[in-house]
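What the coordinates show
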Amino acid sequence: MAAGSQIAIGRSADIIELPDEGRVLKLFHSDYSAEEVRREFTNTSEAFELGATTMRCYEFVEQADRCGLIFDRLTGPSLTKLPDTKPLMFFELPVILGRLHASMHEKKTDRLRSVKDVVLDMVDSEPLAFLSQAQKEAARRYVKALPEGSSLLHMDYHPENIIVTPEGPVVIDWMTALPGDPAADVAYTSLISVEAELWPGTPQIKVFLYSFIRKYVLKKYRKTYQEITGMSDEAIDAWRLAALMLRMGQWNVQSERPRLQKMLLTALSAQMQEG
């Protein structure tokens, strides 16, 4: 396959412009397996068919020791960067985030693994090996008792995964998509909005500033989403423990690990005392 110039570098992949007009190659780094990349192909195709994204995924490819996917090329900034050129849009950003998430959760699917099954897999993952057997059993009981659901969940939903095109906002990066209770997705977004590591090497002064910005965006996003859907804080909070397990088990970000371990142990202790 002839490839053009590299137009973006991300944590998981490089984005390369293809000679075919309107398409790009998302070439994953070598530590991503073919199974993971094929999962994004399947999930993106499902999201496209359901109308949750207008971005089509065309093909799985392999180049040397790396796997990739061919997508529609999207023109426009991420939702995060939209205020760089339109400062007043900063106040609209969380509203767009909430409305788009509520619309996504109206889509139903039974073609993917459920969020509860995936979270249960995390109990025995290496990043959660610090838990005792009693704590693991408590975690399993808790997750099994959580609500079922068939809504399409993104499970990595944040402003950087939304591209604002001339035709409207488009949700990208569907590798982690799962069906389930919408509150699981909102709980995960709530967690990463304040706890996820910023881009490595971000100056401390920016980290300090962004912490305030992220909390503002989260509060207004939640308010918008909950006004549309009627979802309660209690429904979202019920998924916090599962969100912690999923974040640690799937991503295992070194800088986040001590803080998330402490949060998870505290949450499990509370559940074990109640139950």
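Residues numbered from 1 in each chain as written. Predicted model: local features only at pLDDT ≥ 70, side-chain atom pairs only at ≥ 80, totals over all residues. Heavy atoms only, no water.

**Quick notes on the overall build of the protein chain**
Formally: Where helices and strands are cited, they refer to DSSP runs of H or I of at least four residues and of E of at least two residues respectively, numbered from the N terminus. The quantity called the radius of gyration is restricted to C-alpha atoms. Its globule counterpart is 2.2 Å times the number of residues to the power 0.38. When accessible area is computed with a 1.4 Å probe and restricted to protein chains, residues below 20% of their type maximum are described as buried, those above 50% as exposed, and intermediate ones as partly exposed. Surface exposure here means Shrake-Rupley accessible area, sampled with a 1.4 Å probe, where a residue is shielded only by the protein chains that are shown. Residues scored as positive are Lys and Arg, those scored as negative are Asp and Glu, and His as well as the terminal groups of each chain are ignored. In this description, the location of a charge corresponds to atom NZ of lysine, CZ of arginine, CG of aspartate or CD of glutamate.
Counting secondary structure elements, the protein chain contains ten helices and nine strands. In terms of overall dimensions, the protein chain is globule-like: its C-alpha atoms have a radius of gyration of 19 Å, near the 19 Å expected for 275 residues. Summarising its shape, the C-alpha atoms of the protein chain cover approximately 60 × 45 × 40 Å along the three principal directions. Counting over 275 residues, the protein chain shows a buried share of 48%. Total accessible area on the protein chain stands at roughly 14,000 Å², and carbon and sulfur atoms take up 53% of it. Taking the average location of the 32 positive side-chain charges in the protein chain and that of its 38 negative ones, the two points are 5 Å from each other.

**A few points about the packing of aromatic side chains**
We describe a pair of aromatic rings using the distance from one ring centre to the other and the angle between the two ring planes. The cut-off we apply is this: A pair of Phe, Tyr and Trp rings is counted when the ring centres sit within 6.5 Å of each other, with Trp represented by its six-membered ring. The angle between the planes then sorts it: under 30 degrees is stacked, over 60 is edge-to-face, the rest tilted.
As enumerated under the stated definition, the model contains five aromatic pairs in all. Residues F28 and Y32 carry aromatic rings whose centres are separated by 5.6 Å and whose planes lie at 50° to one another, so their mutual orientation is tilted. Of the two residues, F28 and Y32, both sit in the buried class. With a centroid separation of 5.3 Å and 20° between ring planes, the pair formed by F90 and Y216 is classed as stacked. Residue F90 is found in the loop between α2 (82–85) and α3 (93–104), and its partner Y216 is found in helix α7 (residues 204–229); the two are separated by 126 residues along the sequence. Among the residues examined, F90 registers a relative accessible area of 22% and is labelled partly exposed. Residue Y216 is classed as partly exposed on the basis of its relative accessible area, which comes to 30%. Aromatic rings pair up to connect F90, F91 and Y216 into one cluster.

**So, the pattern of salt bridges**
Operational definition: Here, a salt bridge means any Lys or Arg side-chain nitrogen found within 4 Å of an Asp or Glu carboxyl oxygen.
Counted under the stated rule, the structure contains 17 salt bridges. For K116, the salt bridge goes to E148, with nearest N and O atoms at 3.0 Å. Taken as a pair, K116 in helix α4 (residues 115–122) and E148 in the loop between α5 (133–144) and β6 (151–153) lie far apart in primary sequence, 32 residues in all. Judged by relative accessible area, K116 falls into the buried class, the value being 7%. Given the relative accessible area of 61%, E148 is considered exposed. Each member of the salt-bridge network shares a partner with another, and the members are K26, E40 and D173.

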